[in-house]
Structure formats: C-alpha cells, structure tokens
Amino acid sequence: MRQYVEISIACADEEMGDIVTAFLADYPFETFDYETTETSYLVKAYILKEAWEECNEEALATIDEYGSVVSQREMEDENWNAAWETESFEPVAIDDLFLIRAPHHAPASDGVIDIVVAPQMSFGSGHHQTTRMMCRLIHSIKPCGTALDIGCGTGVLSIAALKCGATRVDAVDIDPWSTESTKSGAELNDLTQKMEIILGTVEAIEGRKYDLVLANINRNIILNDIERYYAALKTEGHLLVSGFLCEDVEAITEAAERLNLRKIASLEDEGWMALAFVK
C-alpha cells in the first residue's frame, strides 16, 4: 500500500492559497484540498512519501514565501481517500451546464450534463476553478471529433468532452492512480468503449492526431510540451489549457502564437486562467 504525506499550509487568505497551490503544482503533488479557519486559509497538499523525500527542501522553501507549514503527517492512500470521500466531496454545479457528482448523489436535472466520478483525490474532481473553466470551454466549442486529455486526473474533462459531442478520447496521465480513477469514471458514465486510457506522458500518443487537445496541468509543463500539443492537433483543431495564474498568460500566449495557434477565448476565475486556441 502506498504511503502519502499530507502537508497543511496556513496562508493569509484564499488568494495566497491559490498562489501556493500554483507553485506547488510544479512538484509531484497529486491533489490539494482547502479549508477556511478562524485565523487563516488552510491548503492541504498530498504527495507520495518517496516523492516528498526527494523534493521537500525545495518545496518547503517555496511554501515559506507565501505561507507556513502547520503540520505534516503520513497516511495510507486508502485511509485518506476514504476520509476525503465521506467528509469533503460535494456535487459541483458548473453554471447550468454540468453537474459533477459521486454515484451516491442525486443525478442532474433535465438539460444539465451529468458527470459521475469515483470521488478520489486525483486532480479534477470539479471543485477547482481550472476544472470548471475547462468544462465551460469544452461546452462552448462543442467538440465533434477525437480528443486528447493530457493529465486526465479523474477523467472529468474526458467525460465532459464525450458528453458534449466528441466521438473518442485518449486520456493520458503519468500516475497509475489517476488512470485507474479515469477508468472508474468511464465505467460509471458508460463510456469505456469511447475512451483509451494511457499511462504515460504526451510522448505516448506521438503520431496521433486530434480535433481537441485538453491540458489542465501547470505553466511549466504546458510551456515544455506545447509543441507536442500542436503536433497532435489537426488543422482547425482546438487546444484548451489551464492550471496557471493570470501572470502566466503572456508567456503561454506567446509560445502558442509562435506556433501559429490563434487565441479565441480566455476565462478567469479568482486569479486562475484558462485559454482556448485554434490551429
């Protein structure tokens, strides 16, 4: 059984919590949870024990710039996921477009796209601003062909793309737990025949072409891999990216424009950004 470390970080407010989250996303944290206390805004970051041992000095130095660590504790994955599922997971309504929920929640009302996920700690449960913005962009472009979901997490974006009209999705993640979570989501939504779930990086799909590429990851990975995203896009295909803050928009836009990707939409939610480009 895998061992995890939970790092609880006290921040002055939600904005500082978002900044801490954005910087820690450059490290191999698997997810984040949030809690407001009487004295601070608490960010809880979860990472595999062996990964934490490799990066803790750098990560702690980053944390010290924006908050302070109030506790660290080790836990087994089954225990902390079960606690999160029962205590923290609530349905997420995205405007009147989507409802992201666990199997035990009531289904969406008529006209609302119902997305059922296995409530695990993989990034993408719908509670974060970036997931919600990506869903809005997916709904706005109404995909009608094949899609690629890089860093699929729980598979929410893959499921959203299929339920908005995509014919097939390749869902890729480097974390075995995320690919298992995506597999569960595909089964819960009766979409297993329309999804290929791949353990690996974007290099695993080299040579394939898509009408839509989704990347809700972080600034550094997007900038590093954007040429691969471009290569994977068909002409007139859409690239949707998120997982970064307002101050990162210029760098990502410039990198996209160098590849002749044209920006067609931009969303902002509490300092987080999502961008849409077309090839």
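Shown above is the structure to which this text applies.
Just so it is clear, the model here is predicted, and its values are computed rather than measured.

### Structural notes on the layout of surface pockets
Part 1 of the argument: Taken as a whole, the largest pocket spans an internal volume of roughly 870 Å³.
Part 2 of the argument: Contributing to the lining of the largest pocket are 38 residues, with Phe29, Asp173, Ile174, Ile217 and Ile221 lying nearest its centre.
Part 3 of the argument: With five residues, helix α7 (residues 219-232) is the single largest residue contributor to the lining of the largest pocket.
Part 4 of the argument: Grouping the amino acids of the lining of the largest pocket by side-chain chemistry returns 16 nonpolar, 15 polar and seven charged.

### Describing helix α5 (residues 156-163)
Because the α-helix completes a turn every 3.6 residues, residues three or four places apart line up on one side.
Part 1 of the argument: Here α5 lies mainly inside the structure; seven of its eight residues are buried.
Part 2 of the argument: Within α5 the residues assigned to the buried category are Val156, Leu157, Ser158, Ile159, Ala160, Ala161 and Leu162.

### Describing the packing of aromatic side chains
Part 1 of the argument: Per the stated rule, a full pass over the model turns up four aromatic pairs.
Part 2 of the argument: With a centroid separation of 6.0 Å and 20° between ring planes, the pair formed by Tyr34 and Tyr41 is classed as stacked.
Part 3 of the argument: On the basis of relative accessible area, Tyr41 is assigned to the buried category, the value being 10%.
Part 4 of the argument: Three or more aromatic residues joined by ring pairs make a cluster, and in this case those are Phe29, Phe32 and Trp52.
Part 5 of the argument: Positioned above the aromatic ring of Tyr230, the side-chain terminus of Lys279 is 4.1 Å from the ring centre.

### Some thoughts on the pairing of strand β12 (residues 233-245)
Part 1 of the argument: The pairing of strand β11 (residues 210-216) with β12 spans six bridges and is parallel. Across the sheet, residue Leu212 finds its bridge partner in β12, namely His238.
Part 2 of the argument: Note on the crossover from β11 through α7 to β12: the handedness is right-handed.
Part 3 of the argument: Two strands pair when backbone bridges link them, and β12 and strand β14 (residues 272-278) are joined in this way by seven bridges, in the antiparallel orientation.

### A closer look at the side chain of Ser40
Part 1 of the argument: Residue placement: Ser40 occurs in the loop between β2 (29-36) and β3 (41-48).
Part 2 of the argument: Contacts of Ser40, omitting those with residues within four sequence positions, involve Ala10, Cys11 and Glu35.

### A look at helix α6 (residues 176-188)
Part 1 of the argument: Counted at 1.5 Å a residue, the expected span for α6 with its 13 residues is 18 Å, and the 18 Å between its end C-alpha atoms agrees.
Part 2 of the argument: Along α6, the residues that are buried comprise Trp177, Ser178, Thr179, Ser181, Thr182, Gly185 and Ala186.
Part 3 of the argument: Immediately downstream of α6, the backbone of Asp190 shows phi near 55°, a positive value.

### Quick word on a negative patch on the surface
Part 1 of the argument: A cluster of acidic residues, Asp13, Glu14, Glu15, Glu268 and Glu270, forms a negative patch at the surface.
Part 2 of the argument: Locating Glu268 in the fold gives a position in strand β13 (residues 262-269).
Part 3 of the argument: Assessed through its relative accessible area of 47%, Glu268 is described here as partly exposed.

### Some thoughts on the packing of helix α1 (residues 14-24) against helix α2 (residues 49-66)
Part 1 of the argument: Packing of α1 against α2 brings their axes to within 10 Å, and their N-to-C directions diverge by 160°. The pairing of α1 with α2 is recorded here as roughly antiparallel in orientation. Both α1 and α2 take part in a crossing whose hand is right-handed. Contacts from Met16, Ile19, Val20, Phe23 and Leu24 of α1 reach α2 at Ala59, Thr62, Ile63 and Tyr66.
Part 2 of the argument: Residue composition of the contact of α1 with α2, by class: eight nonpolar, one polar and no charged.

Cut-offs and rules
- Every chain is numbered independently, its residues counted from 1 as its sequence is written.
- Only residues with pLDDT of at least 70 get local features here, since the model is predicted, and only at 80 or more are side-chain atom pairs given and counted; chain-wide, interface and lining totals rely on the full set of residues.
- As a convention, hydrogens and water are excluded, and side-chain values are obtained from all of the structure's heavy atoms.
- Cavity means a closed set of points on a 1 Å grid over the protein atoms alone, one where a 1.4 Å probe fits but cannot get out, pocket means an open set with protein on both sides within 12 Å along at least 5 of 7 lines, and lining means a residue has an atom within 4 Å of a point.
- Grid points are joined across faces, edges and corners, and a volume is the space filled by probe spheres set on the points.
- Working definition: helices are DSSP H or I runs of at least four residues, strands are E runs of at least two. Numbering for both runs from the N terminus.
- Residues are grouped as follows: Ala, Val, Leu, Ile, Met, Phe, Trp, Tyr, Cys and Pro are nonpolar; Asp, Glu, Lys and Arg are charged; all remaining types, including Gly, are polar.
- Buried residues are those whose accessible area, probed at 1.4 Å on protein chains only, stays under 20% of the maximum for their type, while exposed residues exceed 50% and partly exposed ones sit between those limits.
- To pair, rings of Phe, Tyr and Trp, with the six-membered ring standing in for Trp, must have centres within 6.5 Å; the planes then decide the type, stacked if under 30 degrees apart, edge-to-face if over 60, and tilted in the middle.
- By the criterion adopted, a ring carries a charge over it if an Arg CZ or a Lys NZ lies within 6 Å of its centre and within 35 degrees of its normal.
- In this description, strands pair whenever DSSP reports at least two bridges between them.
- For crossovers, right-handed means that the path from the first strand over the helix to the second runs clockwise, given strands pointing away from the viewer.
- Contacts: residue pairs with any heavy atoms within 4.5 Å of one another.
- Helices are assigned an expected span. That span is 1.5 Å times one less than the residue count.
- Only residues whose relative accessible area exceeds 30% and that take part in no salt bridge are eligible for patches, with like-charged residues grouped when within 9 Å of each other and nonpolar side chains (Val, Leu, Ile, Met, Phe, Trp, Tyr) grouped when within 5 Å.
- Note on areas: these come from Shrake-Rupley sampling with a 1.4 Å probe, and a residue is covered only by the protein chains present in the view.
- Any Lys or Arg side-chain nitrogen found within 4 Å of a carboxyl oxygen on Asp or Glu counts as a salt bridge.
- Think of it this way: Lys and Arg go in the positive column, Asp and Glu in the negative one, and His and the chain ends go nowhere.
- Every charge is mapped to an atom, namely NZ of Lys, CZ of Arg, CG of Asp or CD of Glu.
- For helices, the axis comes from a line fit to the C-alpha atoms of the stretch in contact; other axes are also lines fit to C-alpha atoms, and the angle between any two N-to-C directions lies between 0 and 180 degrees.
- Angle categories are assigned with fixed cut-offs, so that under 35 degrees is roughly parallel, over 145 is roughly antiparallel, 65 to 115 is roughly perpendicular, and the rest are oblique.
- Here is the rule for handedness: rotate from the far helix to the near one, and if that takes an anticlockwise turn smaller than a right angle the crossing is left-handed, while a clockwise turn gives right-handed.

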